[in-house]
Amino acid sequence: MSERIVTVGAAQLGPIQADHSRESVVARLLDLMRQAKSRDCDLVVYPELALTTFFPRWFVDDISQADHWYETEMPSPVTRPLFDEAARLGIGFCLGFAELTPDGHRFNTQVLVDKTGTEVARYRKVHIPGHEHHEPDRPFQHAERYYFEPSPEGFGVWDAFGARMGMMICNDRRWPESYRVMGLQGVEMILCGYNTPIHYVPDPSQDILQGFHNALVMQSGAYQNGTWVVGVAKGGVEEGVDSLGQSMIVAPSGQIVAQALSTDDELITARCDLEWCKRYTGTLFDFERYRRPEVYGRITAQRGVSKD
Ligand code: CDT
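Here's a quick rundown of the structure. Every value quoted in this text rests on a predicted model; they were computed, and no experiment measured them. (Residues numbered from 1 in each chain as written. Predicted model: local features only at pLDDT ≥ 70, side-chain atom pairs only at ≥ 80, totals over all residues. Heavy atoms only, no water.)

What follows is about helix 2 (residues 80-89). Buried residues of helix 2: Leu82, Phe83, Glu85, Ala86 and Leu89, and no others. Buried residues of helix 2, viewed axially, fall in a sector of 170°; they line one side. Elements in contact with the buried residues of helix 2: helix 1 (22-38), strand 3 (92-100) and strand 4 (106-113). (Buried < 20%, exposed > 50% of the residue type's maximum accessible area, 1.4 Å probe, protein only. Helix = DSSP H or I, 4+ residues; strand = E, 2+ residues; numbered from the N terminus. Arc of directions from axis to C-beta. Contact = heavy atoms within 4.5 Å.)

Turning next to the packing of aromatic side chains. In this structure the tally under the stated criterion is 13 aromatic pairs. Ring centres of Tyr46 and Phe93 lie 6.4 Å apart, and the angle between their planes is 55°; on these two criteria the pair is classed as tilted. Here Phe93 lies in strand 3 and Tyr46 lies in the loop between strand 2 (43-45) and helix 2, a separation of 47 residues in the sequence. Just as Tyr46 is buried, Phe93 falls in that class too. Grouped by ring-pair contacts, the aromatic residues Phe55, Trp58, Phe59, Trp69, Tyr70, Tyr146, Tyr147 and Phe148 constitute a single cluster. Over the face of the ring belonging to Trp58 we find Arg57, whose NZ or CZ atom lies 5.4 Å from the ring centre. (Phe/Tyr/Trp six-rings, centres within 6.5 Å; stacked < 30°, edge-to-face > 60°. Lys NZ or Arg CZ within 6 Å of the ring centre and 35° of its normal.)

Strand order across the open sheet formed by 6 strands is 5-4-3-2-1-14, with mixed pairing between neighbours. Of all the strands in the sheet, just strand 5 (119-124) and strand 14 (266-273) have a single pairing partner and so form its edges. Here the strands of the sheet are splayed against their neighbours by 25° on average, with no regard to which way each runs. Of the pairings in the sheet, the one linking strand 3 to strand 4 comprises 8 bridges and is antiparallel in character. Bridging from a neighbouring strand, Phe93 pairs with Val113 of strand 4. Each of strand 1 (5-12), strand 2, strand 3 and strand 14 is contacted by helix 1, which is oriented at about 40° to strand 14, the strand it contacts most. (Pairing = 2+ DSSP bridges. Axes fitted to C-alpha atoms, helices over the stretch in contact; angles between N-to-C directions.)

The pairing of strand 6 (residues 157-160) with strand 7 (residues 163-169) spans 4 bridges and is antiparallel. Bridge pairing links Ala160 to Ala163 in strand 7.

On to the layout of surface pockets, then. Roughly 1100 Å³ of volume is contained in the largest pocket. In this structure, the largest pocket is lined by 31 residues; those nearest its centre are His127, Trp175, Pro176, Glu177 and Ile299. Every element with two or more residues in the lining of the largest pocket is listed here: helix 4 (176-183), helix 5 (210-225) and helix 8 (298-301). Counted by class, the lining of the largest pocket contains 15 nonpolar, 8 polar and 8 charged residues. Computed from the structure, the second largest pocket encloses a volume of approximately 400 Å³. What lines the second largest pocket is a set of 19 residues, among which Pro129, His142, Asn171, Arg174 and Tyr200 lie closest to the centre. (1 Å grid on protein atoms, 1.4 Å probe; cavity = no way out; pocket = protein on both sides within 12 Å on 5 of 7 lines; lining within 4 Å. Points joined across faces, edges and corners; volume = space filled by probe spheres on them. Nonpolar A, V, L, I, M, F, W, Y, C, P; charged D, E, K, R; others polar.)

Here we come to the site of the ligand. By nearness alone, 13 residues border the ligand, and Lys125, Cys170, Asn171, Arg174 and Thr196 come closest of all. Here a nitrogen atom of the ligand and a side-chain polar atom of Glu144 are 3.0 Å apart. Contact distances for the ligand include 2.7 Å between an oxygen atom and a side-chain N or O atom of Thr196. The fraction of the free accessible surface of the ligand (360 Å²) that becomes covered by protein chains is 92%. Structurally, the ligand is housed in the second largest pocket. Residues that form the shell around the ligand fall into these classes: 4 nonpolar, 4 polar and 5 charged. (Near = heavy atom within 4 Å. Polar contact = N/O pair within 3.5 Å; in protein donor to acceptor, adjacent residues only side chain to side chain. Areas by Shrake-Rupley, 256 points an atom, 1.4 Å probe, with all protein chains shown as cover. Sits in = over half its atoms within 2 Å of the grid points.)

Bringing the nonpolar core into the picture now. Ranked by size, the top nonpolar core spans 49 residues in total, and within it Leu112, Met165, Met189, Leu191, Val230 and Ile249 carry the most contacts. Setting aside residues no more than four positions away along its own chain, Val230 makes contact with Val8, Ala10, Val45, Met189, Ile190, Leu191, Cys192, Met248 and Ile249. If you look at the next biggest cluster of nonpolar residues, it comprises 27 residues, including Leu29, Leu32, Met33 and Ile91. (Core = buried A, V, L, I, M, F, W, Y, C linked by side-chain atoms within 4.5 Å.)

Structure representation (structure tokens):
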């Protein structure tokens, strides 16, 4: 069987504390980008909200007090060196950041940039977890639903790097619909940044299972849709909150082919053969042959459980 290779780097980040400057973070991202180039990567993938600390762990009564965590332009003078270095090296990248649009919308966003330093696509997070109001009894907040609106745009795919690329962000990876909507558009590689606190406040019995659930959802999503999945963490103890590392690159077989060992800045890479997707999408998961959309109506007709 012929090969179609994308060599991808998952550039896990260790913590970004609140007082770390954007410039210092961009320097870390550039270092990881150069490592990726030296390891022959076509593309380097950074985590969700990769330019700042995970600020939804705090609540502010007036949201404009949080404006400084958002990017109002991409590239900006501070992030421009990433685009310039990508073009100079001839490597693409995918970067998560908080986006404040000119008309005042706040999104949790990932941008995909090609080897010429040109934006290919922008994806805005669909599934926004956590809560919308201050919950003072928690040890830390997860107020993403206060800081971000859910994207109405859904899950697109884009032809880039010789592949059919898709994107999702953190909590999106727990929902089978995220993968399936991209699978139905022929996705071959899904890029996913994440920040996952190990302590899940609503149900601490899940804390010990965070690593298991992280692998479970990405491995099953990859296998059931015959796609590569690149999951990239911001891990370690950030502002006192411990977050999962375990960044991984998952093959269309569902097998993990590379996994981070640390919870710090760490690059893992894999040489991904896109033709491998067809072993699954052309056999067991031949959607056209085997899917039964006529009996899946509830998937889009209703949101919550209905006993009717
Ligand atoms: N960033 C993000 O989406 N994190 C969530 C945490 C669990 S919900 C509080 C996740 O799904 O990993």
